Amino acid sequence: MTIQETYKARVKKLLASGTVKMVIGYKPGTTADRRRPHFIRTPEEADQLVLDSACITNLSGYLLSEGLLSDEKAVAIFLKPDGIRSINILAAEAQLNSEQILILGFDSNDNQVTALEGEKVEEFTTLIESIKEQAPEALKNPLLEQIEGMTPKERFAFWQGEFSRCIKCYACRQACPMCYCRRCIVDCNQPQWVNTSSHTLGNFEWNIVRAFHLSGRCVGCGNCDRACPVNIPLRLINAKMAQEVLGAFDHFSGMSHTQEPVLASFKKDDSETFIL
Amino acid sequence: MAKIGVFICHCGENISAKVDCKKLAATIAEHPGVAVSVDYKYFCADPGQESIKKAIRENHLTGVVVAACSPRMHEATFRKACAEAGLNPYMCEIANIREHCSWVHTDQDMATEKAADITRSMVEKVKRNNKLQPIEVPVTRRALVIGGGVAGIQAALDIANAGQEVVLVEREPSLGGHMAQLSETFPTLDCSQCILTPRMVEAAQHPKIRLLTYAEVVSVDGYIGNFHVKVKMKARYVDMESCTGCGDCITKCPQKKISSEFDCGIGKRAAIYTPFAQSVPNKPVIDKATCTYFKNGKCKICMRSCQINAINFDMQDEFIELEIGAIVVATGFQVQNNAVYGEYGYGKYPDVITGLQFERLASASGPTFGKILRPSDGKEPKNIVFIQCAGSRDPSKGVRYCSKICCMYTAKHAMLYSHKVHDGKSHIFYMDIRAAGKGYDEFTRRTIEEDGVSYLRGRVSKVWPKMSKLMVRGVDTLLGKPVVIAADMVVLATAMVPQPDAKEFAKTIGIAYDEYGFFNEAHLKLRPVESSTAGIFLAGTCQSPKDIPDSVSQASASASKVLALFSKQTLEREPVVASNNEATCAGCWGCVLACPYNAIEKKDILDRSGKLIKRVASVNPGLCQGCGTCVTFCRSNSLDLAGFTEKQIFAEVMGL
Ligand SMILES: Cc1cc2nc3c(=O)[nH]c(=O)nc-3n(C[C@H](O)[C@H](O)[C@H](O)COP(=O)(O)OP(=O)(O)OC[C@H]3O[C@@H](n4cnc5c(N)ncnc54)[C@H](O)[C@@H]3O)c2cc1C
Ligand code: SF4
Ligand code: SF4
Ligand code: SF4
Ligand code: SF4
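### Here we look at the interface of chain A and chain B
Accessible area lost on assembly of the parts is the figure often given for the size of an interface. The interface is formed by 24 residues belonging to chain A together with 28 residues belonging to chain B. Summing both sides of the interface, chain A and chain B together bury roughly 2300 Å²; the carbon and sulfur share of this comes to 62%. Among the residues forming the side of chain A that touches chain B, the class breakdown is 13 nonpolar, four polar and seven charged.

Below you can see the structure in the form of structure tokens.
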């Protein structure tokens, strides 16, 4: 049996037995290489399920749809390791109860999809720890290194060029599982800290604010990067921030469902003397 | 319509030398909303303040900007003046054109332009200020004094004698601290215990003082006037109520060879012990680490020897919770471990001792009953070398600072020695003699002139044993000659250092400390007894090296601060506190974690039927200190700080 069929059978069983009320997975998209989210409520609906190497979107953000989890019934969801880390972050930030989430884990390498053992997020801790170990290497990127080699002036010009295309559609925000705020800072107009118009200043303000809001939280799933209609390399910014928090605070996002957010927590034994 | 009055101060010439105040006043007068714009030599002086009040009344001003020095200097002064003229004090802001402008610039035109920017930005802020009302918080009139050395005892007695309740917490089995270990004290040579013991007893018996010995503060929550403190009462294994302090148990304990901490290792104690004969309370504790029963499960001889059954091996540590209004920290010091100086041989040669060990030898109630005897063979030394600054003023191995007391106590030691051993000879190696203090220089002169002590200006490079002597090689820099002295004993004037756990302890109670671990005062000159945390005061050597007179003075000063705080039922707090927009809060609890004062709680929002709609953050204004940490953290901008609202800050920035 292919992995897709194995999982299909498992989904049907989960729904038929009433273990979960819904399974969030993938189904065919508008083109052959695209997948769209599939919200499966009955065993029959599972027939459409697809699981292949084109399933790349991190679906965890859908769990936060208004009211979905409020009845405390379990929901199952297809997740790659980055998505599993998102569950930890969302749980750590009190947006969901990880007990309620049943993970159908998978990974894909070289067009090959493999199943991941485990259902509850804690069961993936060893896996995430090994990802953290590889992170210093994995976060490296030739373009990033090239940008780091630039003078501040050149770097500014590079990003000014990239951001100049931003049309403030906020697709990046909508696609990001961590951008769950009820009111995003850009929607705050008393005062209007972030300019809404898409000129240099406004675009810088927006993209830099979002980078800060995701530092120590971004799992590098690439949802924002893929959503951007004008192909701004958003992933680079977030990867850079991930490198920074890893180097400075040994913080790797989504390690556990009790991990403290790096920018809100402080340790008494911090080497900085300004921390009491 | 805003009617803002702008008052531009020359600060003598501090501002006017670099900022053209007349021109500045004229420029600001043009700014929209400014009704009055004037300059004057000293607005903080009486006539200056009067002119502001007059302008407020005559022009019905809605806001005031004083362009002057840092708000840390006179914000309170000007806010008070505004209040007296009927304007809400929080409608007054300070534009700092001194520290931020005139003091740091040389070009007059540019400085004047910058001053205009700074002032305009504050005018824009003040237009958006809100009339705030001070927050009243109740004050628990009970003080906690941590540390029962001379400083802690003094602070506790002063507060208690003024009629307020005190809880005095000491972690050792007895009160007293280091002063109880001293022989006689400079500069008057009073017997240390004779002057201290009566105060220890007074503190223990005072009806307003609750004494907790063998106890440690484990946590401090809350804020000025309303601290919640948790204290651990370590198990003594001896019932405090029934024990009469007869000491039968101590004489029967088979473990008698334990090095006594109080005697700095020169004397011995039992496993069940009181640190010294005059201990207060004079009731023993069992030292679990050395007690045979706790080691082998067999013994309990003390229990059988006790006629009133006061010993109980099942005792457990207990925790008590206290409601406290103010805290005095008096946790004292330690002496540096001299083993870092390999060349002096401390720890290697038994007759190289510290100043504190010398105190124990010289003390009438000490292990040698006041006779100066060598630890190695019990013989009276005929030649002693004292080495000053053994740790102090030595950035390489010791500490950079001067311990302040060593010059004095070394002179005292040499003097006491000459009084006790008439044919004895002593030499003191010193760097400088620092004897500033009432009667101090006279004291050191007496040592040199009347007691014949020889002072050698220079350092010691090596101490080595030869037969039964200690050879001391040093240099006399005044003669420019190396010297070698055959001594019977060497005494090191060891540096005063913070308690080893000082930094940890500071974190536990939430006060700041310096690079060494001494606790930081709020302002070295103007607020030397306040810690950086409101309601927590400092006394004695936990703040910096001090002698007894200084420790006691600071303790009394702290007590007076506590009493001032307790003079009212309630305390007025600045209304600069955060609040949360519950509609936009995402309940991520980042702010709950980020708040250093634990002022943010989680609040349930329920519908009419009591069903949970969502959970949001909620700021407790009584706990909030207005630091703004949560505001900067909140991604959705749900939090805002009164007095520094986002609207105000934004206007301020845009005004530049
Ligand atoms: C060798 C030597 C000789 C000296 N001779 C003189 C002299 O002749 N004249 C003079 O004026 N000064 C002299 N001094 C200085 C004098 O000893 C100090 O100024 C004085 O003892 C300081 O008192 P204190 O209360 O600040 O600290 P301490 O005496 O150290 O008392 C601090 C107390 O706090 C307790 N404590 C610490 N941490 C905690 C905690 N976390 N919880 C509860 N309790 C705690 C300790 O157990 C201790 O009892 C001498 C000092 C030395 C080292
Ligand atoms: S950009 Fe920031 S404020 Fe906006 S949704 Fe994302 S995390 Fe929230
Ligand atoms: S998705 Fe791209 S274009 Fe749209 S707001 Fe984000 S960065 Fe700008
Ligand atoms: S039990 Fe034994 S060793 Fe322990 S204190 Fe009593 S007599 Fe001493
Ligand atoms: S940080 Fe902001 S969004 Fe998060 S709980 Fe606090 S107030 Fe709410």
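### Here we look at the sheet that holds strand 26 (residues 481-487) of chain B
The strands making up a sheet associate through backbone hydrogen bonding, with each pair oriented either parallel or antiparallel. Residues and elements named next belong to chain B. Pairing within the open sheet is antiparallel, and its three strands lie in the order 24-25-26. Each edge of the open sheet is held by one strand with a lone partner, namely strand 24 (460-466) and strand 26. Shown here is a sheet whose adjacent strand axes are inclined to one another by a mean of 20°, direction ignored. When strand 24 meets strand 25 (residues 469-476), the two strands line up antiparallel, connected through six bridges. Paired with Trp464 across the strands is Met471, a residue of strand 25.

### As for the site of ligand 1
Residue and element names in this part refer to chain B. Near ligand 1 lie 37 residues; those nearest to it are Glu170, His178, Lys412, Thr541 and Ile548. Thr541 places a polar side-chain atom, nitrogen or oxygen, 2.7 Å from an oxygen atom of ligand 1. With respect to ligand 1, the backbone of Lys546 contributes an N or O atom lying 2.8 Å from an oxygen atom. When isolated, ligand 1 has an accessible area of 1000 Å², and the protein chains bury 98% of it. When contributions to the shell around ligand 1 are tallied by element, the ones reaching two or more residues are helix 5 (150-161), strand 7 (165-170), strand 8 (184-185), strand 19 (333-335), helix 10 (355-362), helix 11 (406-420) and helix 14 (548-565). Looking at the shell around ligand 1 residue by residue, the classes come out as 16 nonpolar, 13 polar and eight charged. When residues are assigned to domains, the shell around ligand 1 turns out to be shared by domain 2 (142-234 + 317-324 + 510-566) and domain 4 (334-497), each giving three or more.

### Notes on the side chain of B:Asn129
All names here are of chain B. Relative to the elements of secondary structure, Asn129 occurs in the loop between helix 4 (108-127) and strand 5 (135-138). Asn129 sits in the buried class, given a relative accessible area of 9%. Ignoring any residue separated from it by four or fewer positions in sequence, one finds Asn129 in contact with Tyr90, Met91, Glu93 and Gln648.

### Section: the domain arrangement of chain B
Under the domain assignment used here, chain B contains domain 1 (4-127), domain 2 (142-234 + 317-324 + 510-566), domain 3 (248-305), domain 4 (334-497) and domain 5 (578-655). Taken over C-alpha atoms, the centre of domain 1 of chain B sits 43 Å from the centre of domain 2 of chain B.

### Examining the pairing of strand 1 (residues 4-9) of chain B
In regular strands, side chains alternate between the two faces of the sheet. All names here are of chain B. Counting buried residues in strand 1 gives six out of six residues, a clear majority hidden from the surface. Of the strand pairs in this sheet, strand 1 and strand 2 (residues 34-40) are connected by six bridges, and their pairing is parallel. The residue bridging Cys9 from the neighbouring strand is Tyr40, located in strand 2. With helix 1 (residues 21-29) bridging strand 1 and the parallel strand 2, this β-α-β connection has right-handed handedness. Relative to strand 3 (residues 63-68), strand 1 runs parallel, the two sharing five bridges. In the strand pairing of strand 3, Phe7 is matched with Val66.

### Brief notes about the confidence of the model for chain B
Taken over all residues, the pLDDT of chain B has a mean of 95, while the share at 70 or more is 100%. Confidence estimates for the predicted assembly give a pTM of 0.73 and an ipTM of 0.91.

### Looking at the nonpolar core
Among the nonpolar cores identified, the biggest contains 80 residues, and A:Val11, A:Val23, A:Leu63, A:Phe78 and A:Leu104 are the most heavily contacted of them. Every residue in contact with A:Leu104, bar those within four places of it in the chain, is listed here: A:Tyr7, A:Arg10, A:Val11, A:Leu14, A:Val23, A:Ala76, A:Ile77, A:Phe78 and A:Leu79. Listed in part, the 60 residues of the second largest apolar core include B:Ala330, B:Val562, B:Leu571 and B:Val577.

### Some words on a nonpolar patch on the surface
Residue and element names in this part refer to chain A. A contiguous nonpolar patch, built from Ile208, Phe212 and Leu263 and spanning about 290 Å² of accessible area, is present on the exposed surface. One can find Leu263 in the segment after helix 9 (234-249). Looking at Leu263, the relative accessible area reads 46%, which means it is partly exposed.

### Quick word on the site of ligand 4
Residue and element names in this part refer to chain B. Close to ligand 4 lie Cys253, Pro254, Ile272, Cys291, Thr292, Tyr293, Cys299, Lys300, Ile301, Cys302 and Phe313. Listed by contribution, the elements that provide at least two residues to the shell around ligand 4 are helix 8 (292-296) and helix 9 (301-305). Grouping the constituent residues of the shell around ligand 4 by class yields nine nonpolar, one polar and one charged.

### Brief notes about a negative patch on the surface
Residues and elements named next belong to chain A. A surface patch of negative charge is lined by Glu99, Glu117, Glu122 and Glu123. Within the secondary structure layout, Glu117 lies in the loop between strand 5 (112-115) and helix 3 (125-138). Glu117 gets classed as exposed once you look at its relative accessible area, which sits at 74%.

### Considering helix 1 (residues 3-16) of chain A
Residues and elements named next belong to chain A. Across its 14 residues, helix 1 extends 20 Å between first and last C-alpha, which sits within 8% of the 20 Å expected from 1.5 Å per residue. Buried within helix 1 we find Gln4, Tyr7, Lys8, Val11, Leu14 and Leu15. Projected onto a plane normal to the axis of helix 1, the buried residues spread over an arc of 125° and lie on a single side. Seen from the buried face of helix 1, the exposed residues on the opposite side, beyond 90 degrees, are Lys13 and Ala16.

### Considerations on the domain arrangement of chain A
Residues and elements named next belong to chain A. Partitioning chain A into structural domains gives domain 1 (3-124) and domain 2 (138-264). Here the C-alpha centroids of domain 1 and domain 2 sit 26 Å apart. At the interface, 18 residues of domain 1 touch 17 residues of domain 2. Together, the buried faces of domain 1 and domain 2 total about 1500 Å²; carbon and sulfur atoms form 55% of this surface.

### So, unusual backbone geometry
Cis geometry is adopted by the peptide bond preceding B:Pro187, which originates at B:Phe186 and carries an omega value of -10°. Topologically, B:Pro187 is positioned in the loop between strand 8 and strand 9 (190-191). In this model, B:Val280 is joined to B:Pro281 through a cis peptide bond whose omega is -5°. Along the chain, B:Pro281 falls in the loop between strand 15 (272-273) and strand 16 (285-286). Its identity is not glycine, yet A:Glu72 carries a phi of approximately 65°, on the positive side. Along the polypeptide, A:Glu72 turns up in the loop between strand 2 (35-40) and strand 3 (75-79). Although it is not a glycine, B:Met467 sits at a positive phi angle of roughly 55°. With respect to the element layout, B:Met467 can be found in the loop between strand 24 and strand 25.

### A word on the packing of helix 4 of chain B against helix 17 (residues 646-654) of chain B
Residue and element names in this part refer to chain B. Axis separation between helix 4 and helix 17 bottoms out at 7 Å; the angle between their running directions is 155°. Comparing the axis directions of helix 4 and helix 17 gives the class roughly antiparallel. Crossing hand, helix 4 versus helix 17: right-handed. Taking contact as the criterion, the partners of Ser121, Met122, Glu124 and Lys125 in helix 4 are, on helix 17, Gln648, Ala651 and Glu652. Taken together, the residues that form the contact of helix 4 with helix 17 break down as two nonpolar, two polar and three charged.

### Quick word on the sheet that holds strand 22 (residues 425-430) of chain B
All names here are of chain B. The strand order across the open sheet formed by five strands is 20-27-21-22-23, and the pairing between neighbours is parallel. Edge strands, defined here as strands with exactly one partner in the open sheet, are strand 20 (352-354) and strand 23 (454-457). Taking the axes of each pair of neighbouring strands and ignoring which way they run, one obtains an average angle of 25° across the sheet. Where strand 21 (residues 383-390) lies against strand 27 (residues 489-494), five bridges are found, and the strand directions are parallel. Bridge pairing in strand 27 links Ala390 to Thr494. Against the sheet, helix 10 engages strand 20, strand 21 and strand 27, with an angle of about 90° to strand 20.

The rules behind these values
- Residues numbered from 1 in each chain as written.
- Chains lettered and ligands numbered in written order.
- Predicted model: local features only at pLDDT ≥ 70, side-chain atom pairs only at ≥ 80, totals over all residues.
- Heavy atoms only, no water.
- Contact = heavy atoms within 4.5 Å.
- Buried area = accessible area lost by both parts, 1.4 Å probe.
- Nonpolar A, V, L, I, M, F, W, Y, C, P; charged D, E, K, R; others polar.
- Pairing = 2+ DSSP bridges.
- Helix = DSSP H or I, 4+ residues; strand = E, 2+ residues; numbered from the N terminus.
- Axes fitted to C-alpha atoms, helices over the stretch in contact; angles between N-to-C directions.
- Near = heavy atom within 4 Å.
- Polar contact = N/O pair within 3.5 Å; in protein donor to acceptor, adjacent residues only side chain to side chain.
- Areas by Shrake-Rupley, 256 points an atom, 1.4 Å probe, with all protein chains shown as cover.
- Domains from an automatic or database assignment.
- Buried < 20%, exposed > 50% of the residue type's maximum accessible area, 1.4 Å probe, protein only.
- Right-handed = clockwise from strand over helix to strand, strands pointing away.
- pLDDT = per-residue confidence, 0-100.
- Core = buried A, V, L, I, M, F, W, Y, C linked by side-chain atoms within 4.5 Å.
- Patch = residues over 30% accessible without salt bridge, like charges linked within 9 Å, V, L, I, M, F, W, Y side chains within 5 Å.
- Salt bridge = Lys/Arg side-chain N within 4 Å of Asp/Glu carboxyl O.
- Lys, Arg positive; Asp, Glu negative; His and termini not counted.
- Charge placed at Lys NZ, Arg CZ, Asp CG, Glu CD.
- Expected span 1.5 Å × (residues − 1).
- Arc of directions from axis to C-beta.
- Parallel < 35°, antiparallel > 145°, perpendicular 65-115°, else oblique.
- Left-handed = near helix turned anticlockwise from the far one by under 90°.

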